Amino acid sequence: MDKAEKQKNLSKALKLLDFVVAVFVIAFFGGIIIVKYNHEGLLSADFDTLLDTSLVVASGISIIVCMAILFFFLGVCHEIGIDNSFSLENASGLHKMAMLGGAYSMIYLIREIFQLVSGTHGVITLGYNVIMIFIGIAFLGVAECLSRLVKNAHEIKLENDLTI
């Protein structure tokens, strides 16, 4: 198997992963929204208070942000498939994904502030919000580091191309 074929296979595998993550995101956050409006006595009153409107709004926005991240990841996968991994397009796509990771964190930070102000704050919701904020910040850090790494690799590649 030659290098181009390996790159295409890697690209296909990453696109499949992108699809699986998209399904998971829709199932998880969509499930929160569906349970909120369709549980009718199936859940305890304590659980009902966890599914407040701010969580439903945050879940809906999370779906949009996550789908945008996955859209940019598809662009990265495409570049990998055409053996252009270290490109400015990939650096830009990874940077956009990082910024969206920051936006994801902000959703839950705003939700936590809203809950503190409105008096609906609780230990479980605090834990959920902190976990979501951490996930967004961790994603931001990893994606931004990868973006800079790809950009530096692209610059080195250009310098090597010029010296030959």
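Refer to the structure presented above.
Residues numbered from 1 in each chain as written. Predicted model: local features only at pLDDT ≥ 70, side-chain atom pairs only at ≥ 80, totals over all residues. Heavy atoms only, no water.

A.B. asks: Help me understand the overall build of the chain, please; the structure alone is not making it clear to me.
C.D. replies: Along the backbone of the chain there are 5 helices and 0 strands. From first element to last, N terminus to C terminus, the chain shows the α and β order α-α-α-α-α. Across its three principal axes, the chain shows a C-alpha extent of roughly 70 × 30 × 20 Å. Per-residue burial for the chain yields a buried fraction of 35% across its 164 residues. Here the analysis covers contacts within the chain between residues at least 6 apart in sequence; of these, 76% occur between residues at least 24 apart. The average position of the 11 basic charges and that of the 15 acidic charges among the side chains of the chain differ by 6 Å. (Helix = DSSP H or I, 4+ residues; strand = E, 2+ residues; numbered from the N terminus. Buried < 20%, exposed > 50% of the residue type's maximum accessible area, 1.4 Å probe, protein only. Contact = heavy atoms within 4.5 Å. Lys, Arg positive; Asp, Glu negative; His and termini not counted. Charge placed at Lys NZ, Arg CZ, Asp CG, Glu CD.)

A.B. asks: It is not clear to me how the pattern of salt bridges should be interpreted in this structure. Could you clarify?
C.D. replies: Where charged atoms from two side chains of opposite charge approach closely, those side chains can pair. Evaluation of the coordinates by the stated rule reveals 2 salt bridges. Here aspartate 83 makes a salt bridge to lysine 3, at a shortest N to O gap of 3.8 Å. Within this pair, whereas aspartate 83 is found in the loop between helix H3 (53-81) and helix H4 (88-118), its partner lysine 3 is found in helix H1 (residues 3-38), the two being separated by 80 residues in sequence. Exposure remark for aspartate 83: the relative accessible area of 35% places this residue in the partly exposed category. (Salt bridge = Lys/Arg side-chain N within 4 Å of Asp/Glu carboxyl O.)

A.B. asks: Sorry, what's going on with the nonpolar core here?
C.D. replies: Proteins that are soluble and globular tend to have nonpolar side chains buried together. In this structure, Phe29, Val65, Met97, Tyr104 and Tyr108 are the most contacted members of the largest nonpolar core, which totals 24 residues. Contributing elements (two or more residues each) for this core: H1, H3, H4 and helix H5 (123-163). Here this core gets 10 residues from one element, more than from any other, and that element is H3. Each residue touching tyrosine 104, except ones within four places of it in the same chain, is listed here: Phe29, Ser62, Val65, Cys66, Met132, Ile135 and Gly136. (Core = buried A, V, L, I, M, F, W, Y, C linked by side-chain atoms within 4.5 Å.)

A.B. asks: Sorry if this is basic, but what is going on with H1 here?
C.D. replies: The α-helix winds at 3.6 residues per turn, so residues separated by three or four positions along the chain end up facing the same way. With 36 residues, H1 extends 51 Å from end C-alpha to end C-alpha; this agrees with the ideal 52 Å at 1.5 Å per step. Residues of H1 that are buried: Gln7, Ser11, Leu14, Asp18, Ala22, Val25, Phe29, Gly30, Ile32 and Lys36. (Expected span 1.5 Å × (residues − 1).)

A.B. asks: Looking at this model, I keep getting lost on the packing of H1 against H3. Mind explaining?
C.D. replies: Any two packed helices are characterised by how steeply their axes cross, that is the angle between the axes, and by the distance between the axes. Between H1 and H3, the least distance of the axes is 9 Å, while the angle of their chain directions is 175°. Comparing their axes, H3 and H1 come out roughly antiparallel. Tallied by class, the residues present in the contact of H1 with H3 amount to 20 nonpolar, 8 polar and 4 charged. (Axes fitted to C-alpha atoms, helices over the stretch in contact; angles between N-to-C directions. Parallel < 35°, antiparallel > 145°, perpendicular 65-115°, else oblique. Nonpolar A, V, L, I, M, F, W, Y, C, P; charged D, E, K, R; others polar.)

A.B. asks: Any chance you could explain the environment of alanine 68 here in plain terms?
C.D. replies: The residue alanine 68 is located in helix H3 in this model. A relative accessible area of 24% places alanine 68 in the partly exposed class. Once the C-alpha coordinates of alanine 68 and phenylalanine 86 are considered, the two residues, 18 residues apart in sequence, prove to be 21 Å apart.

A.B. asks: Sorry if this is basic, but what is going on with the packing of aromatic side chains here?
C.D. replies: Two aromatic rings, taken as a pair, are described by how far apart their centres are and by the angle between their planes. For the structure on display, the rule yields 6 aromatic pairs. Three or more aromatic residues link up through ring pairs in this structure, and these residues are Phe24, Phe28, Phe29, Tyr104, Tyr108 and Tyr128. (Phe/Tyr/Trp six-rings, centres within 6.5 Å; stacked < 30°, edge-to-face > 60°.)

A.B. asks: It is not clear to me how H4 should be interpreted in this structure. Could you clarify?
C.D. replies: The end-to-end C-alpha separation of H4 is 45 Å, in line with the 45 Å expected for 31 residues at 1.5 Å each. Looking at the residues trailing H4, positive phi occurs at glycine 119, about 80°.

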